[in-house]
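Here's the letter readout for the chains.
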Amino acid sequence: MRKHLVVLTGAGISAESGLKTFRDSDGLWENHRVEDVATPEAWHRDPHLVQRFYNMRRKAAAEAFPNKAHKTLAELESHFSISVITQNVDDLHERGGSSKVLHLHGELNKVRSVKNESLIYEIGDSQIEMGDLAEDGGQLRPHIVWFGEAVPMIEPAVEICRSADIFMVVGTSLQVYPAAGLIDYTPYDIPVFVIDKKRPQANLPSNIHFHQGAAGEVLPELKETLIQMI
């Protein structure tokens, strides 16, 4: 039976494909305050702005390409049973070849009804506008978990983490909860690898192996180390 490698990824891995993160030094996300485009209050205040913002992000994500880090994770499926848990809303993991991806914060290429959050449609890189309705008559909104909303996929993610033989954190600061707390649900004695350009400020367990650098550079080098652990 193959070892279960669980990988938690964040904005850093997508940034290496050219997609910006809201944690840039200027505090802006594509020149917008997070509070203006990524909260339920923003949606109620100016839904046209929110729709335009996510239309722009959807287009940018569709034009981006998986990088070496995405592809290396897919290559590791030849050696491990891999579960990718991502905080990212793009589909670069899937396009990079990963077959089992759980999106904690939703997906850019999907929209849902404001009346029924389980009524979800895949739209690819298409734009949606105010007045575009679901079959139940509800306005279509981005299928994104905004700040202040519940994270419905966190419980399935917890169960995945509990079954990990090896845990890896790639491109995330471990500061956004509840995702950052997933590391606490892994078995206490398994090897944990953290790859990021900056050392996380979070308290890391003693079994941590920290690798500082870009995921696209570190992961291919780490690949052989992981395979030797089989």
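Only a predicted model underlies this, so the values are computations on that prediction, with no experimental measurement involved.

Asker: What is the right way to read the overall build of the chain from this model?
Answerer: Within the chain one finds eight helices and nine strands. Principal-axis analysis of the C-alpha atoms places the extent of the chain at approximately 55 × 40 × 30 Å. Long-range contacts, defined here as pairs at least 24 residues apart, represent 64% of the contacts in the chain between residues at least 6 apart. Of the roughly 11,300 Å² of accessible surface on the chain, 49% is carried by carbon and sulfur atoms. Measuring between centres, the 23 positive side-chain charges of the chain sit 2 Å from its 32 negative side-chain charges.

Asker: Sorry if this is basic, but what is going on with the environment of Lys100 here?
Answerer: Within the fold, Lys100 resides in the loop between helix H6 (92-96) and strand E3 (101-103). For Lys100, a relative accessible area of 45% translates into the label partly exposed. Along the backbone, Lys100 and Glu77 are 23 residues apart, and their C-alpha atoms lie at a distance of 9.7 Å. In this structure, Lys100 is in contact with Glu77, Ile82, Ser83 and Val84, ignoring residues within four places of it in sequence.

Asker: Would you explain the sheet that holds strand E6 (residues 140-144) in this entry?
Answerer: Strand-to-strand pairing in sheets goes through backbone hydrogen bonds, with the strands running parallel or antiparallel. Pairing is antiparallel across the open sheet formed by three strands, whose spatial order is E5-E4-E6. The strands lining the two open edges of the sheet, one partner per strand, are strand E5 (120-122) and E6. Put simply, the sheet's adjacent strands are angled 45° from each other on average, direction ignored. In this sheet, E5 lies alongside strand E4 (residues 106-113) in antiparallel orientation, the contact comprising three bridges.

Asker: Mind showing me how you'd approach the pairing of strand E7 (residues 166-170) here?
Answerer: Each regular strand shows side chains that alternate between the opposite faces of the sheet. The buried count for E7 comes to five of five residues, which makes it a mostly enclosed element. Along E7, one buried face is formed by Ile166, Met168 and Val170 and the opposite face, lined by Phe167 and Val169, is buried too. Looking at chain direction, strand E1 (residues 4-9) and E7 are connected through five bridges and run parallel. What sits directly across from Leu8, in E7, is Val169.

Asker: Would you take a moment to explain the packing of aromatic side chains for this structure?
Answerer: Both the distance between ring centres and the angle between the ring planes are used here to describe each pair of aromatic rings. Tallied over the full model, the rule gives three aromatic pairs. Both rings, one in Phe53 and one in Tyr54, keep their centres 5.1 Å apart while their planes meet at 90°; by these two values the pair is edge-to-face. With respect to burial, Phe53 and Tyr54 carry one shared label: buried. With a centroid separation of 6.3 Å and an interplanar angle of 45°, the aromatic rings of Tyr54 and Trp146 are classed as tilted. Taken together, the positions of Tyr54 in helix H4 (residues 47-63) and Trp146 in the loop between E6 and helix H7 (154-162) put the pair 92 residues apart, joining distant regions of the chain. A single burial state applies to Tyr54 and to Trp146, both of which are buried.

Each value, and the rule that gives it
Residues numbered from 1 in each chain as written. Predicted model: local features only at pLDDT ≥ 70, side-chain atom pairs only at ≥ 80, totals over all residues. Heavy atoms only, no water. Helix = DSSP H or I, 4+ residues; strand = E, 2+ residues; numbered from the N terminus. Contact = heavy atoms within 4.5 Å. Areas by Shrake-Rupley, 256 points an atom, 1.4 Å probe, with all protein chains shown as cover. Lys, Arg positive; Asp, Glu negative; His and termini not counted. Charge placed at Lys NZ, Arg CZ, Asp CG, Glu CD. Buried < 20%, exposed > 50% of the residue type's maximum accessible area, 1.4 Å probe, protein only. Pairing = 2+ DSSP bridges. Axes fitted to C-alpha atoms, helices over the stretch in contact; angles between N-to-C directions. Phe/Tyr/Trp six-rings, centres within 6.5 Å; stacked < 30°, edge-to-face > 60°.

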